[in-house]
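# Observations on the three-dimensional arrangement
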Amino acid sequence: MSDECAEMGPRSLEALRTPLEEGQIRLARRDGVVKYPSRFLLVMAANPCPCAPARDSDCTCTATIRRRYLGRLSGPLLDRVDLWVRMEPPGTGALHADGGAEESSATVRARVRAAREAAAARWGAEGWLTNSEVPGVVLRRRFRLPAKALRPVEAYLRAGEITARGADRCLRVSWSLADLLGLDAPGEAEVTQALQFRDKGWK
């Protein structure tokens with residue numbers, strides 16, 4: 001996990017691109033290239049600007065400063081992040097919530113375990129265990145979704161709202177959503193939800 005990731009140096013951040021994309025680290029030396037496995041779950045958090053106000057209306061940063069601050073997180077790096085979420089400040093209702101409607105950790109764990117088992121059963125013959133390992137070309141060709149399910153992501157591609165790499169990651173997330181719901185394959189709703197997780201409204 002990387003907190004305050006926008007405060008990190010660009011070289012350190014950009015070094016994450018290859019392991020995020022390929023699941024391995026390559027070290028090139030005079031005598032050759034060595035590869036090390038490097039599959040991991042990356043969680044990054046950043047404030048919207050250097051002054052980090054409790055409310056946007058209290059921000060003292062100029063638009064240029066805000067753009068420069070989050071601009072340290074390059075497009076190619078963010079393209080390799082599956083889920084982007086803007087965290088809103090808790091309202092007063094959070095202080096009075098009784099938590100009665102919340103799921104227990106055991107319930108969530110069982111659903112996640114079932115989803116992972118479904119993914120492993122689907123991809124196991126191909127040599128993969130999770131949706132994140134499946135190459136985009138496989139999702140787009142051999143396991144291509146019906147035209148109706150693909151309409152949202154194709155619309156985003158035509159509008160330039162998402163890159164080809166982003167579309168592949170969206171498809172992987174949609175398969176995970178389907179597994180969590182106990183579906184055989186994602187439909188239009190799951191693909192749309194996966195796209196919403198890539199909404200740049202936070203930036």
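Structure: see above.
I will try to describe carefully the structure that is included in this document.

## Notes on the overall build of the protein
When you go through the protein residue by residue, the secondary structure sums to 10 helices and 2 strands. Taking the principal axes of the C-alpha coordinates as reference, the protein spans close to 60 × 55 × 40 Å. Among the 203 residues that make up the protein, the fraction classed as buried is 30%. Of all intrachain contacts in the protein linking residues separated by at least 6 positions in sequence, the fraction that spans at least 24 positions is 57%.

## With respect to helix α8 (residues 147-159)
Taking 1.5 Å of rise per residue, the 13 residues of α8 would be expected to cover 18 Å, and the 18 Å separating its terminal C-alpha atoms lies within 8% of that figure. Turning to α8, its buried residues number three or more, namely Ala149, Leu150, Pro152 and Val153. Looking at the buried residues of α8, the elements they touch are α9 (164-181) and α10 (188-196). Immediately beyond the C-terminal end of α8, within one or two residues, lies glycine 160, with a positive phi of roughly 75°.

## Some thoughts on a nonpolar patch on the surface
A grouping of Ile25, Leu27, Val34 and Tyr36 is seen on the molecular surface, where their side chains present a nonpolar patch of about 330 Å² in accessible area. Elements that contribute at least two residues to the nonpolar patch include exactly β1 (24-29) and β2 (32-37). With respect to the helices and strands, valine 34 occurs in strand β2.

## Things to note about the side chain of arginine 169
By the element assignment, arginine 169 lies in helix α9. When its relative accessible area of 7% is taken as the criterion, arginine 169 is described as buried. For arginine 169, the side chain forms a polar contact with the side chain of aspartate 82, separated by 2.9 Å. Excluding its chain neighbours within four sequence positions, the residues that come into contact with arginine 169 are Leu20, Glu21, Asp79, Arg80, Val81, Asp82 and Arg198.

How each quantity is defined
- Once a new chain begins, its residue numbering starts again from 1 and follows that chain's sequence as written.
- Owing to the predicted nature of the model, reporting of local features is limited to residues with pLDDT of at least 70; listing and counting of side-chain atom pairs is limited to 80 or more, with chain, interface and lining totals taken over all residues.
- Values shown for side chains rest on all heavy atoms present in the structure; no hydrogens or waters enter the calculation.
- By the criteria applied, helices consist of DSSP H or I runs no shorter than four residues and strands consist of E runs no shorter than two, each listed in order from the N terminus.
- Think of it in three bands: residues with accessible area under 20% of the maximum for their type are buried, residues over 50% are exposed, and the middle band is partly exposed, with areas taken using a 1.4 Å probe on protein chains only.
- The criterion used for residue contact is that any of the two residues' heavy atoms lie within 4.5 Å.
- In this analysis, the expected span of each helix is defined as 1.5 Å times one less than the number of residues it contains.
- Any residue with relative accessible area above 30% and no salt bridge may belong to a patch, with like charges joined within 9 Å and the nonpolar Val, Leu, Ile, Met, Phe, Trp and Tyr side chains within 5 Å.
- For every accessible area listed, the method is Shrake-Rupley and the probe measures 1.4 Å; residues are considered covered only by the protein chains on display.
- Salt bridges are defined by distance alone: a side-chain nitrogen of Lys or Arg within 4 Å of a carboxyl oxygen of Asp or Glu.
- Definition of a polar contact: a pair of N or O atoms within 3.5 Å, with one able to donate and the other able to accept a hydrogen when the atoms are protein atoms, and with sequence-neighbouring residues admitted only if both atoms are side-chain atoms.

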